[in-house]
Amino acid sequence: MSAVTRTAGAGTPERSAREHKGGGLPGAVAAEWGKLWTIRTPYACLVASVVLMAVFAFYFGSIAQINDEPVQPVGNAPVTAMVLVQFLVVVLAMTTVTSEYATGSIRTSLQWVPVRHRVQAAKALVNGAVAFVAGILLGALGMAVAWPSFDGYATFEMSEALVQLLSMGVYLALVAVLTVGLSFACRSAVGTLSSLFFLLAGLPFLLMGPGSETLLKINDGLPQSAGHHFMAGDTTPYSSMVGLLLVVAWATAAHLLGLTVLRRRDA
């Protein structure tokens, strides 16, 4: 009788629900974290970003000293370098999505985590976390390298430096989220990289070229320009917090676009 009871209890709806509940979002995040560090791309991107930041920050400080520019915060060097460094974060975040579509392993990912928004959220959280930490460390490296090259043409205040370091981490995290969203929308490395290069570099260059006030105002609303205002702590043409909100809006829009495509099209 007891054996029958145990057998019946094993098949109850409550127990079946518990067995099939899965790991939820934490489990999906853990899976994405594990997958991220099993490929070479993140290591290559992080090493390249260190080299690029060190070279560009030193160059920025040297040019400021040679051209006798006004004294400025030392954090301006790594902030400016983010224009280039951000593309290594783009490649890192993009690969976590587009490589799965290229190899077909996205089907396995969606079988393990059938809830579509959970898959995308997990990739966004993992890439955003890595980019946030990388942004802070790269910013600190840029300040350290740029300080001697400025040769007296830069200032250092701890509170100001900490704010800029945090802002660089937040900006790169949002770039990673934006990249994940567009990667799900485009599904290919070429399409994603082309779209992001145009949005973050090509379009700002085109809008700033003619010098039109209208075009410059449009450029101020793009993620690259808004991010720079946020990281540099600018007050014109808007405050740094407005710049942050603009980047958040772009990242949110890209995330929703990617989620819409993911839900409507099969892997």
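Just so you know, the residues in each chain are numbered from 1, in the order the chain's sequence is written. Only residues with pLDDT of at least 70 are given local features in this predicted model, and only at 80 or more are side-chain atom pairs given and counted; all residues enter the totals for whole chains, interfaces and linings. Heavy atoms throughout the structure, all of them, feed into the side-chain values; hydrogens and water do not.

### What about the layout of surface pockets?
Rolled over the atoms, a probe as big as a water molecule pinpoints where empty space is left. Within this scheme a cavity is a closed region of a 1 Å grid, computed over the protein atoms alone, that accommodates a 1.4 Å probe without allowing it to escape, whereas a pocket is open but has protein on both sides within 12 Å along at least five of seven lines; lining residues each have an atom within 4 Å of a point. Grid points are joined across faces, edges and corners, and a volume is the space filled by probe spheres set on the points. Reported here for the second largest pocket is a volume of approximately 180 Å³. Looking at the second largest pocket, it is lined by 14 residues, and the ones nearest its centre are Lys35, Ile39, Thr96, Ser99 and Glu100. Sorting the residues of the lining of the second largest pocket by element identifies α3 (24-36), α5 (76-103) and α7 (116-150) as the ones contributing at least two each. Three residue categories are used. Nonpolar comprises Ala, Val, Leu, Ile, Met, Phe, Trp, Tyr, Cys and Pro, charged comprises Asp, Glu, Lys and Arg, and polar comprises the others, including Gly. Of the residues contributing to the lining of the second largest pocket, the split by class is three nonpolar, seven polar and four charged. Only DSSP runs of H or I with at least four residues qualify as helices, and only runs of E with at least two residues qualify as strands; both kinds are numbered from the N terminus onward.

### Focus on empty space enclosed by the protein
For the structure shown, the criterion picks out one cavity of 30 Å³ or more. For the largest cavity, the lining is made up of 14 residues, of which Leu46, Leu88, Val89, Leu92 and Ala134 are closest to its centre. Within the residue set of the lining of the largest cavity, elements represented by two or more residues are α4 (41-66), α5 and α7. Its residues assigned to classes, the lining of the largest cavity shows 12 nonpolar, two polar and no charged.

### What about helix α11 (residues 223-232)?
Burial of α11 is extensive: eight of the 10 residues sit out of reach of the surface. For each residue, the accessible area found with a 1.4 Å probe, counting protein chains only, is set against the maximum for its type, and the residue is called buried under 20%, exposed over 50%, and partly exposed in between. Considered for burial, the residues of α11 that qualify are Pro223, Gln224, Ser225, Ala226, Gly227, His229, Phe230 and Met231. The secondary structure elements touched by the buried residues of α11 are α5, α8 (158-186), α9 (189-208), α10 (213-220) and α12 (240-264). Looking at the residues trailing α11, positive phi occurs at glycine 233, about 70 degrees. Note on contacts: a residue pair qualifies if any of its non-hydrogen atoms lie within 4.5 Å across the two residues.

### Structural notes on unusual backbone geometry
Across the junction of threonine 236 and proline 237, the peptide omega takes the value 0 degrees, indicating a cis bond. Position of proline 237 among the secondary structure elements: in the loop between α11 and α12. At aspartate 151, a position not held by glycine, the phi torsion is positive, near 55 degrees. Note on placement: aspartate 151 falls in the loop between α7 and β2 (154-155). Judged by relative accessible area, aspartate 151 falls into the exposed class, the value being 53%. For arginine 187, which is not glycine, the phi torsion reads 70 degrees and is therefore positive. Within the secondary structure layout, arginine 187 lies in the loop between α8 and α9.

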